[in-house]
Amino acid sequence: MNWDDTTDPTAGERLVGSVADREDQAVEAALRPKDLHEFIGQEKVREQLDLVLRAARARGATADHVLLSGAPGLGKTTLSMIIAAEMEAPIRITSGPAIQHAGDLAAILSSLQEGEVLFLDEIHRMSRPAEEMLYMAMEDFRVDVIVGKGPGATAIPLELPPFTLVGATTRAGLLPPPLRDRFGFTAHMEFYEPAELERVIHRSANLLEVEIDPAGAAEIAGRSRGTPRIANRLLRRVRDYAQVKADGVITEEIAAAALAVYEVDSRGLDRLDRAVLTALLKLFGGGPVGLSTLAVAVGEERETVEEVAEPFLVREGLLARTPRGRVATPAAWAHLDLTPPQQALGGNGQQDLFGT
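Definitions and limits used
- Residues numbered from 1 in each chain as written.
- Predicted model: local features only at pLDDT ≥ 70, side-chain atom pairs only at ≥ 80, totals over all residues.
- Heavy atoms only, no water.
- Pairing = 2+ DSSP bridges.
- Helix = DSSP H or I, 4+ residues; strand = E, 2+ residues; numbered from the N terminus.
- Axes fitted to C-alpha atoms, helices over the stretch in contact; angles between N-to-C directions.
- Phe/Tyr/Trp six-rings, centres within 6.5 Å; stacked < 30°, edge-to-face > 60°.
- Buried < 20%, exposed > 50% of the residue type's maximum accessible area, 1.4 Å probe, protein only.
- Lys NZ or Arg CZ within 6 Å of the ring centre and 35° of its normal.
- Polar contact = N/O pair within 3.5 Å; in protein donor to acceptor, adjacent residues only side chain to side chain.
- Contact = heavy atoms within 4.5 Å.
- Core = buried A, V, L, I, M, F, W, Y, C linked by side-chain atoms within 4.5 Å.
- Salt bridge = Lys/Arg side-chain N within 4 Å of Asp/Glu carboxyl O.

(A) The arrangement of the sheet that holds strand β2 (residues 91-95) in detail. Strand order in the open sheet formed by five strands is β2-β3-β6-β1-β7, and the pairing between neighbours is parallel. The sheet is open, and its two edges are formed by β2 and β7 (185-188), each paired on a single side. Mean inter-strand twist for the sheet, computed between neighbouring axes without regard to direction, equals 15°. As defined by bridge partners, strand β1 (residues 66-69) adjoins β7 across four bridges and the pair is classed as parallel. Bridge assignment links V66 to a residue of β7, and that residue is F185.

(B) Region of interest: the packing of aromatic side chains. As enumerated under the stated definition, the model contains one aromatic pair in all. Considering the side-chain rings of F141 and F163, the 5.5 Å spacing of their centres and the 80° angle between planes classify their relative orientation as edge-to-face. With F141 in the loop between α6 (128-140) and β4 (142-147) and F163 in the loop between β5 (154-159) and β6 (164-169), this residue pair connects regions lying 22 residues apart in the sequence. By relative accessible area, F141 is classed as partly exposed at 22%. A relative accessible area of 1% places F163 in the buried class. Its guanidinium or amino end placed over the ring of F312, R225 lies 3.7 Å from that ring's centre, counting from NZ or CZ. If you follow R315 out to its NZ or CZ, it ends over the ring of F191, 3.6 Å from the centre.

(C) Structural detail: the side chain of R239. With respect to the helices and strands, R239 occurs in helix α10 (residues 228-245). A polar atom in the side chain of R239 sits 3.5 Å from the side chain of D240. When sequence neighbours within four positions are dropped, the list of residues in contact with R239 reads L208, V210 and I250.

(D) Local environment of the side chain of K76. By the secondary structure assignment, K76 is in helix α4 (residues 76-86). Residue classification places K76 among the buried residues on the basis of a relative accessible area of 1%. Within polar-contact distance, the side chain of K76 engages the backbone oxygen of G70 at 2.9 Å.

(E) Expanded view of the nonpolar core. One finds L49, L79, I201, I212, I220 and I250 to be the most contacted residues of the largest nonpolar core, which totals 49 residues. At seven residues, α10 tops the list of elements feeding residues into this core. Judged by nonpolar contacts, the second largest core, of 24 residues, contains L105, A130, L134 and F183.

(F) Local environment of the environment of R274. Positionally, R274 belongs in helix α12 (residues 271-283). Along the sequence, R274 and H335 sit 61 residues apart, while their C-alpha atoms lie 9.8 Å from each other. Residues within four places of R274 in sequence aside, it is in contact with E263, D265 and L269. A polar atom in the side chain of R274 sits 3.2 Å from the backbone oxygen of E263.

(G) Layout of the pattern of salt bridges. According to the stated counting rule, one finds 16 salt bridges in the structure shown. Notably, a salt bridge pairs E43 with R46, separated by 2.5 Å at the nearest N-O pair. Of the two residues, E43 and R46 are both situated in helix α3 (residues 43-59); the distance of three residues between them amounts to about one turn of the helix. We classify E43 as partly exposed; its relative accessible area is 42%. Of the residues examined, R46 reaches a relative accessible area of 16% and is grouped as buried. Of the charged contacts, one joins R182 and E139 as a salt bridge, the two residues approaching to 3.2 Å between their closest N and O atoms. Residue R182 is found in the loop between α7 (177-180) and β7, and its partner E139 is found in helix α6; the two are separated by 43 residues along the sequence. Through salt bridges with shared partners, a single network forms among R237, R239 and D240.

(H) Just the pairing of strand β3 (residues 117-121), in detail. Judged by how many residues are buried, β3 sits mostly within the fold: five of five residues are covered. Because side chains alternate across β3, one face comprises the buried residues V117, F119 and D121, and the other comprises L118 and L120, equally buried. Sheet topology note: the β2/β3 ladder contains five bridges and is parallel. Note on β3: the bridge partner recorded for R92 is L118. Where β3 and β6 come together, four bridges link them in parallel fashion. The residue bridging V117 from the neighbouring strand is T164, located in β6.

Structural data, given as structure tokens:
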């Protein structure tokens, strides 16, 4: 139900990838919540944001600039649209990679209406000249447009109407401090608990006119990697299976059978995730092994393993990064029903991650 746009095509091809593909984008408009009360999860963020917006409305002022950070698929784009709806203002949507020159940003800013919300996705990928222009626009609602080149160049100040910038980023650490400090409200989006995802799935199933029982919703939620976008994508695939193979009702058995067809296991791992773990365990005895070697073993690019598969495996406690390379944890051996070799165990029966 809550999603964001990103630009990573590799992750978008996976059923459990958190990047929105074209099908996701087509469905999202109907499933997005329209206000903060409909938005499920992120309780602290919703409470804090509600105070910010209500105070701004009471003052008759434009809301402070908002920075939303967190993994793809957690609701940053949805919250930006809710901010615009709560402030009864139009919204302009663009992204950092689309703004390569200061002139691109100046053209957008100069056409904003008073009170308008400008949503800037992947703000950390904006070019440096545009970023520096944004400092003054956010703080003073003014930009200097450079006319001419060389010694004859002149700066023409351009006044801007008050507006609200909503920046979204999956990598908050890449934002320079001067830009981060200009946001009046910052929030980090956390991964969802299974109970919250069950509520998301029930709401989406109702909107999609799909019949689902509580056990079926719990089965899907447990494989959704803590991400609403993935939960909705899995729900649509299970719906297809239920319509073709059963009577259209999603039960626990139907959900499990459908996700087995799509190779999504009980913890949300897909083919790539299991290939990385299997290579690490069977070919390298649990590690440590270098990232490049591991990528060659699974037939993928180094960046794919590091950026697409590895973050979830680390978060699930199935893989660890060490100075000597990647190693599997005891949970990885247990998940794949494999017995670790003696050399992979420390003296206390636990895997020695650092080889000592």
